[in-house]
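# Residue-level structural notes
Each chain, letter by letter, is given below.
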Amino acid sequence: EEDIAQIAGAGLNWVRLPIPFWAIEKWNDVGVDGTGATISEPFLARTCWKYILRVLGWARKYGIRVNLDLHTAPGSQNGYNHSGKLGSINWMKGVMGLANGERSLDYIRIITEFISQPEWREVIPMFGIINEPYMHEIGQDQVQSFYLHAYEMVRSITGTGAGNGPMISLHDGFGGVGGWAGFLSGSDRVALDTHPYFAFNGNANREPLNVTADGDTTGGLGGKWPLQACNQWGASMNTSRNAFGVTVAGEFSNAINDCGRFVNGISPSGTPGGARYGSDCDYWENWETWSDETKQGLMNFALASMDALGDWFFWTWKIGNSTTANSVRAPLWSYQLGLQQGWMPTDPRKAPGKCDSIGANMGAFDGTYESWMTGGAGAGTIAASATQGLVWPPASFTDIPAASMSSLPQYTATGTISTLPPPSFSPTATVSVGNGWFDTQDNAPVVTPIAGCAYPDAWDAADAQIPVSGCLPAKR
């Protein structure tokens, strides 16, 4: 609770809260491995939900809005460790990709039903339906087909127009915001989410911060980094706001390089790929030795980043102490530590105008969105050209030819809905907390495995064979 209070006290008004699908449930049988052994998901089902509810309560208490982000998907949407399992992608890709996509839709549906209740929708005005799908491997058509289908499902529950359910946040799939211009044009309250990091751009990024900032005529410090943030991020964000609509940075940090405990040497794919900065990251990990000039340079980089991005979430609020050093060893990623030690602004409203002051060229956005983008007139009427060629299920996967798509194993929609319960209080609450389900007309069953189907391991089916029979739902 103290963290949420400090976030509010720091002048911040939103948090992006990751939620795993196992907040709802886990499956004890997701197929068999190469030896024929049944695979059970190792997650703690529903255990984290009570803590998520607690954070939501604190957010309400301190006036913080929540962007609830579904951070994991069955089968893994990117192969990163924070997707549920480090390794191969089995979501909308591979033999079990469609089945895992179907299962994901049920979890999006269940979360939507909870957060659209009148008791919760003012606290959770934004819902990120899937974090960081790796579009380079999954495919743009495949990701966009899922997004369109999920969007239609969400809005069938909430209705359209401002106030009816959350704004739906779609990650750019690491393709950059430029490639999404016109997608879902005319839709109702859809935001494009991007995660800009210099730390993962593949460069060493050894240029200093503690020298005069490029373009700064007042002698402010920061080297090349503040102007680079303004020109590289600000221009693309403003262009996207005109060409797509609401565009936010769901993640960014002060990490100009990949120095930091558990960050150094991590490749863009989330696996060890060799330290790009080099082996001498000690300075950037030992914040206690930072000079005042380094802190001022970081401050100017932070302000420039905030100004360039406009609407942003910093990853992350705080970093725990190293168990060996008893101190934070990834300081470039800790907003709280920066506040305490003087390299983050005590008032983020100081950021607007920073980029103009150093001569950045960010392009123009006057702050006004078209009416439909924010749930006004025209919202929910998608132009045919904005979804051309997108079908559900997709016509093919990047590793499954069109001729085999109809044979891919699927689940059957005969399962029992697992709703998210509201908080309980003792003594009993005197105000409504909801019952977990907004739309009483939404009572269709959820997917469940087909009895008798020999599914391959849903988390490791990249090289699996398509089952010969028994794995397709009965036609209705």
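A short tour of the structure in this document, coming up.

Reading guide: rules and limits
Residues numbered from 1 in each chain as written. Predicted model: local features only at pLDDT ≥ 70, side-chain atom pairs only at ≥ 80, totals over all residues. Heavy atoms only, no water. Pairing = 2+ DSSP bridges. Helix = DSSP H or I, 4+ residues; strand = E, 2+ residues; numbered from the N terminus. Axes fitted to C-alpha atoms, helices over the stretch in contact; angles between N-to-C directions. Contact = heavy atoms within 4.5 Å. 1 Å grid on protein atoms, 1.4 Å probe; cavity = no way out; pocket = protein on both sides within 12 Å on 5 of 7 lines; lining within 4 Å. Points joined across faces, edges and corners; volume = space filled by probe spheres on them. Nonpolar A, V, L, I, M, F, W, Y, C, P; charged D, E, K, R; others polar. Disulfide = S-S within 2.5 Å. Buried < 20%, exposed > 50% of the residue type's maximum accessible area, 1.4 Å probe, protein only. Left-handed = near helix turned anticlockwise from the far one by under 90°. Salt bridge = Lys/Arg side-chain N within 4 Å of Asp/Glu carboxyl O. Parallel < 35°, antiparallel > 145°, perpendicular 65-115°, else oblique. Phe/Tyr/Trp six-rings, centres within 6.5 Å; stacked < 30°, edge-to-face > 60°.

Attention now moves to the sheet that holds strand S6 (residues 247-249). The strand order S1-S2-S3-S4-S5-S6 describes an open sheet built from six strands, whose pairing is parallel. If you trace the sheet from one side to the other, it starts and ends with strand S1 (14-19) and S6, each paired once. Within the sheet, the average angular offset between the axes of one strand and its neighbour, ignoring direction, is 30 degrees. Bridge count for strand S5 (residues 190-194) against S6 is three bridges, and the pairing is parallel. In the sheet register, Leu-192 faces S6, and the bridge partner there is Thr-247. Seen against the sheet, helix H6 (residues 225-243) touches S5 and S6 and runs at an angle of roughly 150 degrees to S6.

Right, let's talk about the layout of surface pockets for a bit. For the second largest pocket, the calculated volume is near 1200 Å³. Every residue lining the second largest pocket is counted, 43 residues in all, and those nearest its centre are Glu-132, Tyr-197, Phe-200, Glu-251 and Trp-333. At four residues, H6 tops the list of elements feeding residues into the lining of the second largest pocket. When its residues are assigned to classes, the lining of the second largest pocket shows 19 nonpolar, 19 polar and five charged.

For the structure shown, the criterion picks out three disulfides. Put simply, Cys-230 and Cys-355 are joined by a disulfide, and their sulfur atoms are 2.0 Å apart. Judged by the sign of its S-S torsion, about -80 degrees, the cystine formed by Cys-230 and Cys-355 is left-handed. Linking Cys-230 in helix H6 with Cys-355 in helix H10 (residues 354-357), this pair joins segments that are 125 residues apart in sequence. Across the disulfide, Cys-453 is cross-linked to Cys-471 (sulfur-sulfur distance 1.9 Å). Here the S-S torsion is close to 95 degrees, and the disulfide linking Cys-453 with Cys-471 is therefore right-handed. Placement of Cys-453 in the segment after strand S8 (446-448) and of Cys-471 in the segment after S8 is noted, with a sequence separation of 18 residues between them. Cys-471 carries the same exposure label as Cys-453, and that label is buried.

Here the focus is the packing of helix H1 (residues 2-9) against helix H2 (residues 49-62). One can describe the packing of H1 onto H2 by two numbers: an axis separation of 9 Å at closest approach and a directional angle of 35 degrees. Like other packed secondary-structure pairs, H1 and H2 cross with a definite hand, here right-handed. Only Val-55, Trp-58, Ala-59 and Tyr-62 of H2 make contact with H1, whose side of the interface consists of Ile-4, Ala-5 and Ala-8. Grouping the constituent residues of the contact of H1 with H2 by class yields seven nonpolar, no polar and no charged.

So, about the pattern of salt bridges. With the rule as written, the count across this model stands at 15 salt bridges. Residue Lys-318 is joined to Asp-3 by a salt bridge in which the shortest nitrogen-to-oxygen separation is 3.0 Å. With Lys-318 in the loop between helix H8 (292-309) and helix H9 (335-341) and Asp-3 in helix H1, this pair connects stretches of sequence that are 315 residues apart. Note on Lys-318: relative accessible area 40%, which makes it partly exposed. The closest approach of N and O atoms between Asp-69 and Arg-16, which form a salt bridge, is 3.2 Å. Here Arg-16 lies in strand S1 and Asp-69 lies in strand S2 (residues 65-70), a separation of 53 residues in the sequence. One salt-bridge network, held together by shared partners, links Arg-16, Asp-69 and Glu-251.

Turning to unusual backbone geometry, a few remarks are in order. Of note, the bond from Trp-315 into Thr-316 is cis; its omega dihedral lies within 30 degrees of zero at 15 degrees. Structurally, Thr-316 can be placed in the loop between H8 and H9. Pro-427 follows Ser-426 through a cis peptide bond whose omega is 0 degrees. You can see Pro-427 is positioned in the loop between strand S7 (412-415) and S8. Positive phi, normally seen in glycine, also occurs at Phe-174, with a value near 65 degrees. A positive phi angle is found at Leu-184, which is not glycine, with a value near 60 degrees. Mapped onto the elements of the fold, Leu-184 is located in the loop between strand S4 (167-171) and S5. A residue is classified by how much of its surface remains accessible, and Leu-184, at 1% relative accessible area, is buried.

Let us now look at the packing of H6 against H8. With their axes 7 Å apart at the nearest point, H6 and H8 run at an angle of 10 degrees to one another. In terms of orientation, H6 and H8 fall into the roughly parallel class. Residues Trp-225, Pro-226, Ala-229, Cys-230, Trp-233, Gly-234, Met-237 and Arg-241 of H6 form the contact with H8, whose own contacting residues are Asn-300, Phe-301, Ala-304, Ser-305, Ala-308 and Leu-309. A per-class count over the contact of H6 with H8 returns ten nonpolar, three polar and one charged.

According to the stated counting rule, one finds 34 aromatic pairs in the structure shown. Plain terms: the ring middles of Tyr-147 and Trp-180 are 5.8 Å apart, the flat faces sit at 40 degrees to each other, and that makes the pair tilted. Highlighted residues: Tyr-147 in helix H5 (residues 140-158) and Trp-180 in the loop between S4 and S5, separated in sequence by 33 residues. For Tyr-147, a relative accessible area of 0% gives the class buried. Between Phe-365 and Tyr-369, the ring centres sit 5.0 Å apart and the planes meet at 50 degrees, which makes this aromatic pair tilted. Given the relative accessible area of 21%, Phe-365 is considered partly exposed.

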